[in-house]
Amino acid sequence: MDIKFNFWTMLGLGGQLFFFSRFLYQWIVSERRKESVIPTGFWFFSLGGSLLLLMYAIHIKDPVFILGQSTGFAIYLRNLMFIYRKKSSSTD
């Protein structure tokens, strides 16, 4: 197996690390609050990791990976829209 560490490989690995960080962040916040929560930052980590992985998937031309990441990206973005819509309506 010939592994090449070029820009695209590092981008993919960075995206995977960013995506993994969402679980670590969610775990830390839940431990501090002593309850299971999904903080807003979880969705930002999800969105960022998904975007980086989508860029990588497009580069390697993997349709399965592209479909999965683009669908996830839309869902994470929508969740953030719901969160900020609710916050703006509660401050009116």
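Residues numbered from 1 in each chain as written. Predicted model: local features only at pLDDT ≥ 70, side-chain atom pairs only at ≥ 80, totals over all residues. Heavy atoms only, no water.

J.: What's the story with the side chain of Gln-69 in this structure? I'm lost.
T.: Tracing the backbone through its elements, the reader meets Gln-69 in helix H3 (residues 63-90). For Gln-69, a relative accessible area of 13% corresponds to the buried category. In this structure, Gln-69 is in contact with Ser-50, Leu-53 and Leu-54, ignoring residues within four places of it in sequence. (Helix = DSSP H or I, 4+ residues; strand = E, 2+ residues; numbered from the N terminus. Buried < 20%, exposed > 50% of the residue type's maximum accessible area, 1.4 Å probe, protein only. Contact = heavy atoms within 4.5 Å.)

J.: Explain the packing of aromatic side chains here, please?
T.: To describe a pair of aromatic rings, one takes the distance between the centres and the angle between the planes. For the structure on display, the rule yields 9 aromatic pairs. With a centroid separation of 4.9 Å and 85° between ring planes, the pair formed by Phe-42 and Trp-43 is classed as edge-to-face. The same class applies to Phe-42 as to Trp-43, namely buried. The rings of Phe-19, Phe-23, Phe-42, Trp-43 and Tyr-76 are connected pair by pair, giving a single aromatic cluster. Sitting over the ring of Phe-19, Arg-22 keeps its end group 4.0 Å from the ring centre. (Phe/Tyr/Trp six-rings, centres within 6.5 Å; stacked < 30°, edge-to-face > 60°. Lys NZ or Arg CZ within 6 Å of the ring centre and 35° of its normal.)

J.: Would you take a moment to explain the nonpolar core for this structure?
T.: Considering soluble globular proteins, one finds that nonpolar side chains tend to be buried as a cluster. Among the nonpolar cores identified, the biggest contains 8 residues, and these are Phe-19, Phe-42, Trp-43, Leu-47, Leu-53, Tyr-76, Leu-80 and Ile-83. Secondary structure elements with two or more residues in this core: helix H2 (40-60) and H3. In terms of residues, this core owes the most to one element, H2, which gives 4 residues. For Leu-47, the residues in contact, after removing those within four places along its chain, are Phe-73, Tyr-76, Leu-77 and Leu-80. (Core = buried A, V, L, I, M, F, W, Y, C linked by side-chain atoms within 4.5 Å.)

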